[in-house]
Amino acid sequence: MIRTVLAHEWRLLRRAPATWIALALLAVSIVFGASNGGRWADFQHQTLAEAEAYEAETYGDLARRAAAPDGEWPDPSSAANIGMFYGRYATLPPGPLAPLAVGQSDVAPYALYVSGKTLASTHTKSAEELGNPQAYVTGRFDTAFALVVVLPLVLLVLLFDIASGERERETLGLVLSQPVRPGTLVWAKAGLRWALVAGVAWAASALGLALFGADLGAAPGGLALALLAVAAYAAVWTALAVWVATRGWPSATNALVLAAVWVAVVVVVPGLIGAASGALEPVPSRTHLIEAHREADTRFAARGGELLTAYYDANPGAQPADLDPMQYDFPLYYTARQGAMQDTLAPLLRRYDDALAAQERLANGLALLSPAALLQNTLAAVAGTDHARHAAYLRQVEDFHAAHRDFFAPRAYQRVALTASDYEAMPRFAFVEPGAVATRALWPLGGIAVLALTLAACAAPGLRRITTH
Amino acid sequence: MIRRIAGKERTEMTRDGRYRLAAGLVGGLLLVALALGVLESRSVRAEAERAEEASWTQWVEQGSKNPHSAAHFALYTYRPASALAFAEPGVTPYTGLAVWLEAHYQNEFAFRPARDAAGVGRLGQVTAATVLQVLLPLVIVLLAFGAFASERERGTLRQALAQGVRPRDLALGKALGVAQALAVVLVPAVVVGAGALLLASGSAALGDGLARFALLALAYGLYLAAFVGVALAASARSRTGRGALVGLLAFWALAVLVLPRVATDAARTAYPTPSTTAFWTAVGDDLADGIDGHDPSDERAERLLQETMEDYGVSAIEDLPVNFSGIALQASEAYGNQVYEKHYGALWAQVERQNRVQALAGLVTPLMAVRATSMGLAGTDFAAHRHFAEAAETYRRDFVEVLNADLATLTDPVFNRNTRGRDFWASLDRFAYVPPSAGWAAQRQALPLGLLALWALGGLVAAVAAARRPRFL
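Given the structure is predicted, the values throughout are model-derived calculations rather than measurements.

Undergrad: Please set out the overall build of chain B residue by residue, giving values where relevant.
TA: Scanning chain B from terminus to terminus reveals 17 helices and 2 strands. Overall, chain B is about 105 × 45 × 35 Å in size when its C-alpha atoms are taken along their principal axes. Counting across all 473 residues of chain B, residues that qualify as buried make up 53%. Contacts in chain B between residues far apart in sequence, at least 24 positions, make up 82% of those at least 6 positions apart. Side-chain charges in chain B split into 44 positive and 43 negative, and the spacing between the mean points of these groups amounts to 24 Å.

This is the structure in structure tokens:
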């Protein structure tokens, strides 16, 4: 019987222009979203290429000049000068599925210029992207937006009157006079619509991502997780619509209730989660970082000689014979001063990272209140635009900053001339992906699945009560 | 007659449990959003004022050093919070909170608050502006979709028209009824908002704040009126209440959530801005090689030295009665200013082109018009940010020039012996920012305000026209 119901439903759906308009709207949204996400990923790739080109040119020149000294400024053999006034970009490359979700990647730095200066100064200068702040207020139309916001709308347009519509057209009695249980009828109608919408979402996502620069082959597991999450998310809305159908309300009431739930789940609750996590786990104002940096600057400004002396005392044999630590030497004093400032400021900088991690943990927990928030988190994790991946990047930048300093500062203090081979050996940054995406994406995905099952279980008992009036 | 119809509509709506629930939830959320906004913007304002003061103290207490070293240490200035940011934070989360006013660099603002917030919150911010822009139109749809449709289904529409009620009066009366039902939500919010404004603005800026507040109220009034008009027109023209509702919900979702993002991304694609890396590489190239690419900095410096020596009639740099560093630094500063004007000018022009497209998108959805106006009048749009950035930059240029001029008078050949101390640092002028007036903000809103008026008028005309030719079946 269920096959007959499905066959009839499919015939009805196929002939209704609204079905095709809704599905086309969804497909176009998803592909348009992928084009925007892809454009942003391309933009980042472009930045990475620019950074790489800059480094290749700068360090290529310096290495050549170190091999054949010409007496021009800057002296390429001076570890103090090169370590302090040149740096390297530590870049976070977009993941293979980046076009899926922009996430926080547009407000978080991804190309930090790391030199011997303090890590805090790296964060204060040119760390963030330029661009139009007014565009951020509205937000980006990425694939995640199409899936989180538009998909349920399309699904609800197809689902809001599955039982009430038949009742209002007075066809429900006719259908139920056939040997079919109301529950079977409603589930079959809802299931068909769910499969249509999820199928279109899957196909359009794969197509859009492939068209706009995602490397699907590089992350098949991630893609599978994302598609599963989308299907589960669609199942949440389907189950909700079925539950509404069991209440026996007229279509207009169903539409209103579903629209209200949709706006609550998609807009209001995520906003409240953001506000609550910000209020309960606040990240201290960055004004304190700026002030602490300047305070440290002033504190160590006139103490270059003292800091150098302390270094030589702690490292016997490091002091070159002709060097008087109390004799003013700008690059050397600057190296000592920035090192001391870095040691002072490192714990403070870490405190911001810790506070943000705590806030994100709370927000991830609260996300259970909204399947939209859960799907957004899953997609961001799969796309590599989530907080966890960025936090891993910042930790690696911190390590890289330390490696850079460990390379240059001792050579500066010991007045070791940099050679062409030193230029080969200089530390470079290469981002290492933190663990499997699955570990970050699985639990929000699980949350969505549990919600879908719970809603379906709530809807089930009411199905028997579906009547013609 | 209009008033009697309005009264009937209002009574019907306010007796409806669905209306009471929606109004309670949305009204409650609006008050929560206002409260959160007031707390947030108070703490941001206090923090910015404290940090601004601390920055100046650090400048004065930096110890004795060469004026050029001091120009490198320089100052930070913190973006002041607009008095209305509690209701409409606008771009505030997406622009850095402070800018470093140092020698050689026109820096960008650093540290966007959005970076230190949970990403999921960006799906929907809980601000009074969001509630007014996104949720209240949904309440209007709920209130108005059945205004004609349900009367038609009950058969009372024919009766009313048969009794000689003019269709125009019917439409306007129903519009007024919806407005009265909305007032239950809006009036408390306006009272709370005005109270928060009184607390937030000093007595000097109060008049300005109230003028902005009144214009904001007008803009939102027009925005909501547009939705009332569209909803009544759809209700009168639809065959069934259900049809009116589904159509209106689709219009609402497109207008407030989908089309704004489409318009914003289209504007971004049409007028792209450079990456930070590309921007600073281009600035660096122009500083090194000259704006035209054929005037390297070392040749500029050499030329300046020759001219300066000629001016003083000497033939060696040591014989100059002034410190040439000060002159050379100021010349390079002046050159840098031209380079920054070129690059920031191009960047900001591009952003403004994007924003014009966004405001023009107000033709397609009233949300884009009200969003532009709302940020503009609240003093939290890009134009207000740019106004502050330009004022800070003007101050930076004067500040660095004073330090360079002073350095030129210090002629010891040893850099570190040319120093100044506390008294000199304290003698420099402080940055005193004067925010633009309500008039300045309002005149920039002519286009979006005009579009809103058009929407409101168009909506009401459509409602009246639809009421003249209602469907009876």
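Back to the text.
Undergrad: Go over the overall build of chain A with me, naming the residues and quoting the values.
TA: Counting secondary structure elements, chain A contains 18 helices and 2 strands. The globule rule puts the C-alpha radius of gyration for 469 residues at 23 Å, and the 30 Å found for chain A is more than 25% above it. In terms of overall dimensions, chain A has C-alpha extents of about 105 × 45 × 35 Å along its principal axes. The buried share of chain A, reckoned over its 469 residues, is 57%. Long-range contacts, defined as pairs at least 24 residues apart, comprise 85% of the intrachain contacts of chain A with a sequence gap of at least 6. For chain A, the exposed surface amounts to about 18800 Å²; the carbon and sulfur share of it is 62%. A gap of 14 Å separates the mean positions of the 34 positive and 39 negative side-chain charges of chain A.

Undergrad: Got a sec to walk through the pattern of salt bridges? Specific residues and values, please.
TA: Pairing between side chains of opposite charge can happen when their charged atoms approach one another. For the structure shown, the criterion picks out 42 salt bridges over all chains. The residue Arg389 of chain A makes a salt bridge to Glu433 of chain A at a minimum N-O spacing of 2.8 Å. Taken together, the residues Arg389 of chain A in helix H16 (residues 387–413) and Glu433 of chain A in the loop between helix H17 (420–425) and helix H18 (437–463) connect sequence positions 44 residues apart. By relative accessible area, Arg389 of chain A is classed as buried at 3%. Exposure remark for Glu433 of chain A: the relative accessible area of 43% places this residue in the partly exposed category. Across the salt bridge formed by Asp265 of chain B and Arg268 of chain B, the nearest N and O atoms sit 3.3 Å from each other. You can see Asp265 of chain B and its partner Arg268 of chain B sitting in helix H9 (residues 241–270), 3 residues apart, about one turn around the helix. The pair formed by Asp265 of chain B and Arg268 of chain B is uniform in burial state, with each residue classed as buried. Through salt bridges that share partners, Glu333, Glu341, Glu393, Arg396 and Arg397 of chain B make up one connected network.

Undergrad: So what about the interface of chain A and chain B? Which residues, and what values?
TA: Tallying the contact residues gives 81 residues for chain A and 81 residues for chain B. Taking both partners together, chain A and chain B bury about 7400 Å²; carbon and sulfur atoms supply 62% of that area. Broken down residue by residue, the surface that chain A buries against chain B is led by Leu130, Gln134 and Arg294 of chain A, which jointly contribute 11%. Where chain A packs against chain B, one counts 7 salt bridges. For Glu291 of chain A, the salt bridge goes to Arg50 of chain B, with nearest N and O atoms at 2.9 Å. Our count for the contact surface shared by chain A and chain B stands at 35 residue pairs in polar contact (both at pLDDT 80 or more). With 18 residues, helix H11 (residues 251–280) of chain A is the largest single contributor of residues to the side of chain A that touches chain B.

Undergrad: Could you give an account of the packing of helix H12 (residues 287–301) of chain A against helix H2 (residues 17–60) of chain B, naming the residues involved and the relevant values?
TA: In contact at an axis separation of 10 Å, H12 of chain A and H2 of chain B are set at 10 degrees when each is read in the N-to-C sense. Viewed along their axes, H12 of chain A and H2 of chain B adopt a mutual orientation that is roughly parallel. Where H12 of chain A approaches H2 of chain B, its residues Thr287, His288, Glu291, Arg294 and Glu295 of chain A are matched on the opposing element by Glu47, Arg50, Ala51, Ala54, Ser55 and Gln58 of chain B. Taken together, the residues of the contact of H12 of chain A with H2 of chain B sort by class into 2 nonpolar, 4 polar and 5 charged.

Undergrad: Which residues make up the pairing of strand E1 (residues 75–78) of chain B, and what are the values?
TA: For a regular strand, side-chain orientation follows a simple rule: the groups alternate between the two sheet faces. Residues and elements named next belong to chain B. The side-chain alternation of E1 yields two buried faces, one formed by Leu75 and Thr77 and the other by Tyr76 and Tyr78. Looking at chain direction, E1 and strand E2 (residues 98–101) are connected through 4 bridges and run antiparallel. Within E2, the position partnered with Tyr76 by the bridge is Trp100.

Undergrad: Tell me about the nonpolar core, and please be specific about residues and values.
TA: By size, the foremost hydrophobic cluster in this structure holds 170 residues, and its most contacted members are Trp262 of chain A together with Trp252 of chain B. The element contributing the most residues to this core is helix H10 (residues 220–245) of chain A, with 16 residues. Once residues lying within four places of it in the same chain are set aside, the contact partners of Trp252 of chain B are Trp262 and Val263 of chain A together with Val134, Pro137, Leu138, Val141 and Leu257 of chain B. Core analysis: the next-biggest nonpolar cluster, separate from the first, contains 74 residues, Ala51 and Ala90 of chain A together with Phe73 and Tyr335 of chain B among them.

Undergrad: If you had to explain the environment of Gly217 of chain A to someone new, which residues and values would you point to?
TA: With respect to the helices and strands, the residue Gly217 of chain A is situated in the loop between helix H9 (182–211) and H10. For the pair Gly217 of chain A and Tyr333 of chain A, spaced 116 residues apart in sequence, the C-alpha to C-alpha distance is 51 Å.

Undergrad: Now, about helix H17 (residues 446–468) of chain B: what can you tell me, with residues and values included?
TA: All names here are of chain B. Between its terminal C-alpha atoms H17 stretches 32 Å, which fits the 33 Å expected from 23 residues at 1.5 Å a residue. Among the residues of H17, those classed as buried are Pro448, Leu449, Leu451, Leu452, Trp455, Ala456, Gly459, Ala463, Val464, Ala466 and Ala467. Looking at the buried positions of H17, the neighbouring elements they touch are helix H5 (146–154), helix H7 (167–200), helix H8 (206–237), H9, helix H12 (324–360) and helix H13 (366–378).

Undergrad: Tell me about the packing of aromatic side chains, and name the residues and values.
TA: All chains considered together, the criterion is met by 42 aromatic pairs over all chains. With a centroid separation of 4.9 Å and 70 degrees between ring planes, the pair formed by Phe407 of chain A and Phe408 of chain A is classed as edge-to-face. For the pair Phe407 of chain A and Phe408 of chain A, one class covers both residues: buried. Measuring from centroid to centroid gives 6.2 Å for Phe431 of chain B and Tyr433 of chain B, while their planes differ by 45 degrees, and the two rings are tilted. Overall, the relative accessible area of 18% leaves Phe431 of chain B in the buried class. A connected cluster of aromatic rings, assembled from ring pairs, spans Trp59, Phe109, Phe388, Tyr395, Phe399, Phe424, Trp425, Phe431 and Tyr433 of chain B.

Undergrad: How would you sum up the confidence of the model for chain B? Please name residues and give values.
TA: When pLDDT is averaged along chain B, the result is 91, and 99% of the positions lie at 70 or above. Predicted complex metrics record ipTM = 0.92 and pTM = 0.94.

Undergrad: With reference to specific residues and values, describe unusual backbone geometry.
TA: Residue and element names in this part refer to chain A. The step from Trp73 to Pro74 runs through a cis peptide bond, and the omega angle for that step is -5 degrees. When you line up the elements, Pro74 lands in the loop between helix H2 (17–67) and helix H3 (79–85). Unusually for a residue other than glycine, Glu170 sits at a positive phi of about 60 degrees. Assignment of secondary structure puts Glu170 in the loop between helix H7 (164–168) and helix H8 (172–176).

How each quantity is defined
Residues numbered from 1 in each chain as written. Chains lettered and ligands numbered in written order. Predicted model: local features only at pLDDT ≥ 70, side-chain atom pairs only at ≥ 80, totals over all residues. Heavy atoms only, no water. Helix = DSSP H or I, 4+ residues; strand = E, 2+ residues; numbered from the N terminus. Buried < 20%, exposed > 50% of the residue type's maximum accessible area, 1.4 Å probe, protein only. Contact = heavy atoms within 4.5 Å. Lys, Arg positive; Asp, Glu negative; His and termini not counted. Charge placed at Lys NZ, Arg CZ, Asp CG, Glu CD. Rg over C-alpha atoms; globule rule 2.2 N^0.38 Å. Areas by Shrake-Rupley, 256 points an atom, 1.4 Å probe, with all protein chains shown as cover. Salt bridge = Lys/Arg side-chain N within 4 Å of Asp/Glu carboxyl O. Buried area = accessible area lost by both parts, 1.4 Å probe. Polar contact = N/O pair within 3.5 Å; in protein donor to acceptor, adjacent residues only side chain to side chain. Axes fitted to C-alpha atoms, helices over the stretch in contact; angles between N-to-C directions. Parallel < 35°, antiparallel > 145°, perpendicular 65-115°, else oblique. Nonpolar A, V, L, I, M, F, W, Y, C, P; charged D, E, K, R; others polar. Pairing = 2+ DSSP bridges. Core = buried A, V, L, I, M, F, W, Y, C linked by side-chain atoms within 4.5 Å. Expected span 1.5 Å × (residues − 1). Phe/Tyr/Trp six-rings, centres within 6.5 Å; stacked < 30°, edge-to-face > 60°. pLDDT = per-residue confidence, 0-100.

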